[in-house]
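# Descriptive structure summary
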Amino acid sequence: QVQLVESGGGFVQAGGSLTLSCTASGSIFRIRAMCWYRQAPGKQRELVASISETDSTNYADPVKGRCTISRDHATVYPQMNSQKPEDTAVYYCNANLITFELYDSTDWGQGTQVTVSS
């Protein structure tokens, strides 16, 4: 069983910065990639940023230049700068991994609320 625990959400003023974190634990043999998604009220869940096991990164257009994602073993940190009210959403951590039992697995965290005030 795999657990993803997120932290770092909260309130931030427009123009401010916020760093989230997500730690994966449990029956993990190998983590292929870890991603962050977000879902605003009334909208579909969308990819924000991802980082692979080779530290290759990818960013969605709305956050390019404002988000930097990094990784330390099984913990991933997306740092988000110049926050805008439209960044308000529930942010979810996602991991694509292989378990000790050698099963492919895609797991989600419980989500953390980020609210950007104007």
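Our structure is the block above this text.
No experiment lies behind these values; they were computed from the predicted model shown. (Residues numbered from 1 in each chain as written. Predicted model: local features only at pLDDT ≥ 70, side-chain atom pairs only at ≥ 80, totals over all residues. Heavy atoms only, no water.)

### Description of the side chain of Thr88
- As for its position among the elements, Thr88 is in the loop between β9 (75-80) and β10 (89-99).
- A distance of 2.9 Å separates a polar side-chain atom of Thr88 from the backbone nitrogen of Val116.
- Beyond its immediate chain neighbours, meaning those up to four positions away, Thr88 contacts Ala40, Gln113, Val114, Thr115 and Val116. (Helix = DSSP H or I, 4+ residues; strand = E, 2+ residues; numbered from the N terminus. Polar contact = N/O pair within 3.5 Å; in protein donor to acceptor, adjacent residues only side chain to side chain. Contact = heavy atoms within 4.5 Å.)

### A closer look at the pattern of salt bridges
- For the coordinates displayed, the defined rule picks out seven salt bridges.
- We note a salt bridge from Glu46 to Arg38, for which the minimum N-O separation is 2.7 Å.
- Among the residues examined, Arg38 registers a relative accessible area of 7% and is labelled buried.
- Notably, a salt bridge pairs Arg71 with Asp55, separated by 2.9 Å at the nearest N-O pair. (Salt bridge = Lys/Arg side-chain N within 4 Å of Asp/Glu carboxyl O. Buried < 20%, exposed > 50% of the residue type's maximum accessible area, 1.4 Å probe, protein only.)

### A look at the environment of Pro62
- Within the secondary structure layout, Pro62 lies in the loop between β7 (57-59) and β8 (67-72).
- Among the residues examined, Pro62 registers a relative accessible area of 45% and is labelled partly exposed.
- Note: C-alpha distance between Pro62 and Thr75 (13 residues apart in sequence) is 23 Å.

### Describing unusual backbone geometry
- The residue Asp55 is not glycine, and still its phi comes out positive at about 70°.
- Summarising the element assignment, Asp55 is placed in the loop between β6 (46-52) and β7.
- The phi dihedral of Leu102 falls on the positive side, at around 70°, and the residue is not glycine.
- Turning to its location among the elements, Leu102 is positioned in the loop between β10 and β11 (104-108).

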